[in-house]
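The primary structure of each chain is shown beneath.
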Amino acid sequence: MGYYKGLDTLMGYKGLTSSESFSAWYRSVIAPYESQDLDLTGFEFDLPQIDFNYEQLEIEGQVKVMATYLDAYSEPVPLGTKGIGALHGAIPRHKAIFRRDEGDMRAIEIARQKINASVNMIGDVNGITFDDVLTESLAGGIFELTDAHVGTLNYQRGQMCSKGEVTLTNANNPKGIQGVTFSAQVPASNKTTVEWYTNSGAAKDDADPVGDVRDFVHKVKRLYRNVEMEVNAESFYEMMKHPKWQVELGYLRNPVLRLAGAEGQTQAAEIAKGIFEEEQQQLFRQMVGIPVKFNNIVCGVERWDKDSNKLVRDQLDAFEPRVFAIRPAGAIGTIKNVTPMLPDKSGIYSLIYDGRGIIEYRYDQKMKIQEWVSELTALCVPNRPKDMYFLNVVNAAS
């Protein structure tokens, strides 16, 4: 192993000592992959703005009216007019931090030496260099920052599309502000609640889940020419275990059983036991007659667990479980974002997400602590809240 003059910082060792060099490294190593797991279906980034408050024009699909029959010389009565609606709100900032101290740097080098010692024992001369380890450590840490913002945007989009709002709670934002709701202002009349299960979670005998979904789809399809549905993939799989859905899946697989009375019903339920998840989804799409997106995105949340006295990572569904959501196909909103404030020339930073966010490098010379702090101020805002409909499946209250 070659000699070196002490342990350098990750940035110093890689020669990333200015915003120009750090930005060039980021664009080459991180930027091509920063959005690979991002799901913003139905939303597009708006132009960056200076203000944290937003105003967005509201689009509404309205019932088209017919022209009026008149004689050749009469003027028609003007159609009812309505001012253009606007949606107002505030755009939240989300941050993440990646940190390395002196102990981390020494641990990295000790681990590298141990690995190389093991490699040399089996005759492999191509060991792991210090550069390899530091490059992996830096890139891995920066990827954690970009992944954090991907998770936040995925969660925003999923909650807006399944609940019409994002509420910050101890469950999804344990280290930050809580009790704040960012609402899409979906009318309460667009939300329907049905009980498919008893208070204890057992399937209700008098529930009609198949009829509920059919009626829900029929209602919305009458209003719009082109719609699509979205549902949480995991909860969909669980809901399909309801006895009424089991029979329906069997009927969809073998329609002739619908004519066989009670015996056909029994056979259909038996057939459903052998239908795997992918076919369940295909048969469901066939039944509703519209495109269906099965959302399987899971977001991680880090919190301090008092019982185990350690940091734990919980998983949260981006799309709310037990919700069938229908909306017009295509774009339904924009992602409002606030342009980041840049540090002065002494700072080292790189813009992320095409300039919408920033990662800033900070070094504490006294404590020898290296920090990379990222921030992105953005919010998924539907511009068609009155055209979004939700069917919520719940347990009976008692």
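Everything numeric in this text was worked out from a predicted model, so none of it was measured.

Asker: Mind laying out the overall build of the chain, listing which residues take part and the relevant values?
Answerer: The number of helices and strands found in the chain is nine helices and 17 strands. Looking at the chain as a whole, 42% of its 398 residues qualify as buried. Within the chain, residue pairs in contact and separated by at least 24 positions form 75% of the contacts whose partners lie at least 6 positions apart.

Asker: Any details on the side chain of Glu375? Residues and values, ideally.
Answerer: Looking at the secondary structure, you find Glu375 in strand E16 (residues 369-382). With sequence-adjacent residues up to four places away left out, Glu375 is seen in contact with Arg93, His94, Lys95, His149, Ile352, Gly357 and Ile358.

Asker: Describe the pattern of salt bridges, naming the residues involved and giving the relevant values.
Answerer: Enumeration over the complete set of coordinates arrives at 21 salt bridges. Asp46 is the salt-bridge partner of Lys336, the closest N and O atoms lying 2.6 Å from each other. You can see Lys336 sitting in strand E13 (residues 333-338) and its partner Asp46 sitting in the loop between strand E1 (43-45) and strand E2 (53-57), a full 290 residues away along the chain. Judged by its relative accessible area of 6%, Lys336 falls in the buried class. A cluster of three or more residues bridged by salt bridges with shared partners is formed by Arg157, Glu228, Glu230 and Arg327.

Asker: Quick rundown of the packing of aromatic side chains? Include the residues and the values.
Answerer: Using the criterion set out here, one finds 11 aromatic pairs in the structure. Ring centres of Phe98 and Trp372 lie 4.6 Å apart, and the angle between their planes is 25 degrees; this geometry places the pair in the stacked category. Of this pair, Phe98 sits in strand E4 (residues 93-100) while Trp372 sits in strand E16, and the two are 274 residues apart along the sequence. Of the two residues, Phe98 and Trp372, neither departs from the other in class, the shared state being buried. Pairwise contacts between aromatic rings join Trp196, Phe236, Trp245, Phe284, Phe294 and Phe324 into one cluster. If you follow Arg356 out to its NZ or CZ, it ends over the ring of Phe45, 4.1 Å from the centre.

Asker: Break down unusual backbone geometry for me, with residues and values.
Answerer: Despite not being glycine, Asn309 shows a phi value in the positive range, around 60 degrees. Relative to the assigned elements, Asn309 resides in the loop between strand E10 (298-305) and strand E11 (310-317).

Parameters and conventions
- Residues numbered from 1 in each chain as written.
- Predicted model: local features only at pLDDT ≥ 70, side-chain atom pairs only at ≥ 80, totals over all residues.
- Heavy atoms only, no water.
- Helix = DSSP H or I, 4+ residues; strand = E, 2+ residues; numbered from the N terminus.
- Buried < 20%, exposed > 50% of the residue type's maximum accessible area, 1.4 Å probe, protein only.
- Contact = heavy atoms within 4.5 Å.
- Salt bridge = Lys/Arg side-chain N within 4 Å of Asp/Glu carboxyl O.
- Phe/Tyr/Trp six-rings, centres within 6.5 Å; stacked < 30°, edge-to-face > 60°.
- Lys NZ or Arg CZ within 6 Å of the ring centre and 35° of its normal.

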